[in-house]
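Chains, contacts and geometry: an overview
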Amino acid sequence: MLRQIISITGKPGLYKILSQGNRNIIVEDISTKRRMPVQARDRVVSLGDIAMYTEEEDLPLAKILDRAYKYYEGATVDVKSLIADGRIRDEFALIVPDFDRDRVYDNDLKKFFTWYNLLTEAGYKDFETSEGKTNAAAEPAEGE
């Protein structure tokens, strides 16, 4: 579930929530599988709560991740070359043609592509349920 995947301000990577305590949560880095506690004072955001601005409405991150996964056929994206060549906005427009170019910044796009790479490398493939009502991510298959 994308609700169970979080970003922690000041820490690189994405983390999966394993359990919750009274004043902290136990998370696991989706890349390294290293576990650690996150204190109540740390700022965290669930990927299930994130949306991006478009010209018409806000688009949930799960839908954008699904579009990117289909467009790139599960392959990773070379974020550094996109930034160096100044093509990050053009590349994102291939996935979300109507994104709001005034309110979506290059740093947001860099973070999106980085998160996409982390999730696909960790084996996540399906970011929404078939009904589209909730944001879900398929668990990585064993051995991936």
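Here we summarise the structure given alongside this text. (Residues numbered from 1 in each chain as written. Predicted model: local features only at pLDDT ≥ 70, side-chain atom pairs only at ≥ 80, totals over all residues. Heavy atoms only, no water.)

**Description of the pairing of strand 4 (residues 35–39)**
The condition that has to hold: Buried, partly exposed and exposed residues are distinguished by accessible area as a fraction of the type maximum, computed with a 1.4 Å probe on protein chains only: under 20%, between the cut-offs, and over 50%, respectively. Helix numbers and strand numbers start at the N terminus; a helix is a DSSP run of H or I with at least 4 residues, a strand a run of E with at least 2. What makes two strands pair is DSSP finding at least two bridges between them.
Side chains Met36 and Val38 project from strand 4 onto a buried face, and the interleaved Arg35, Pro37 and Gln39 project onto a face without burial. Note: strand 3 (residues 24–29) against strand 4, 5 bridges, orientation antiparallel. Across the sheet, residue Ile26 finds its bridge partner in strand 4, namely Pro37. Linking strand 3 to strand 4, which pair antiparallel, is a turn of 5 residues; within it Lys33 sits at a positive phi near 65 degrees.

**Re the pattern of salt bridges**
The following threshold applies: For this document, the term salt bridge refers to a Lys or Arg side-chain nitrogen within 4 Å of an Asp or Glu carboxyl oxygen.
For the structure shown, the criterion picks out 6 salt bridges. Ionic pairing is found between Asp49 and Arg3, a salt bridge with its closest N-O pair at 2.1 Å. Remark: Arg3 occurs in the segment before strand 1 (5–8) and Asp49 occurs in the loop between strand 5 (44–46) and strand 6 (51–52); sequence separation between them is 46 residues. In this structure Asp49 comes out as exposed when scored by relative accessible area, which is 53%. On the basis of relative accessible area, Arg3 is assigned to the partly exposed category, the value being 41%. Across the pair Arg103 and Asp100 runs a salt bridge, and its minimum N-O distance is 3.0 Å. For Arg103, a relative accessible area of 40% corresponds to the partly exposed category. Through salt bridges with shared partners, one network takes in Asp85, Arg87 and Glu91.

**Thoughts on helix 4 (residues 106–121)**
Counting along an α-helix, one turn takes 3.6 residues, and residues three or four places apart therefore face a common direction. Threshold: Here, expected helix span is obtained from the residue count minus one, scaled by 1.5 Å. Here, residues are in contact when the closest pair of their heavy atoms is within 4.5 Å.
With 16 residues, helix 4 should reach 22 Å at 1.5 Å per residue; the first-to-last C-alpha distance of 22 Å fits that figure. For helix 4, the complete set of buried residues consists of Leu109, Phe112, Phe113, Trp115, Tyr116, Asn117, Leu118, Leu119 and Thr120. Against the buried residues of helix 4 lie strand 1, strand 6, helix 1 (61–72), helix 2 (79–85) and helix 3 (88–95). Within two residues after helix 4, Gly123 carries a phi angle of roughly 100 degrees, on the positive side.

**Here's the deal with the sheet that holds strand 1**
Rules: Axis definition: a line fitted to C-alpha atoms, over the contacting stretch in the case of helices. Angles run 0 to 180 degrees between N-to-C directions.
Ordered by their spatial adjacency, 5 strands build an open sheet running 4-3-2-1-5, and the pairing between neighbours is antiparallel. Pairing within the sheet leaves two strands with one partner each, and these edge strands are strand 4 and strand 5. For this sheet, the mean angle separating the axes of adjacent strands, direction not counted, is 45 degrees. In this structure, strand 1 lies alongside strand 5, joined through 3 bridges in antiparallel fashion. For Ile6, the partnering residue across the bridge sits in strand 5 and is Ser46.

**As for helix 3**
Every buried residue of helix 3 is accounted for by Ile88, Glu91, Phe92, Ala93 and Ile95. Buried residues in helix 3 make contact with strand 6, helix 1, helix 2 and helix 4.

**Looking at the environment of Tyr124**
Within the secondary structure, Tyr124 sits in the segment after helix 4. Separated by 122 residues in the primary sequence, Tyr124 and Leu2 place their C-alpha atoms 10.0 Å from one another.

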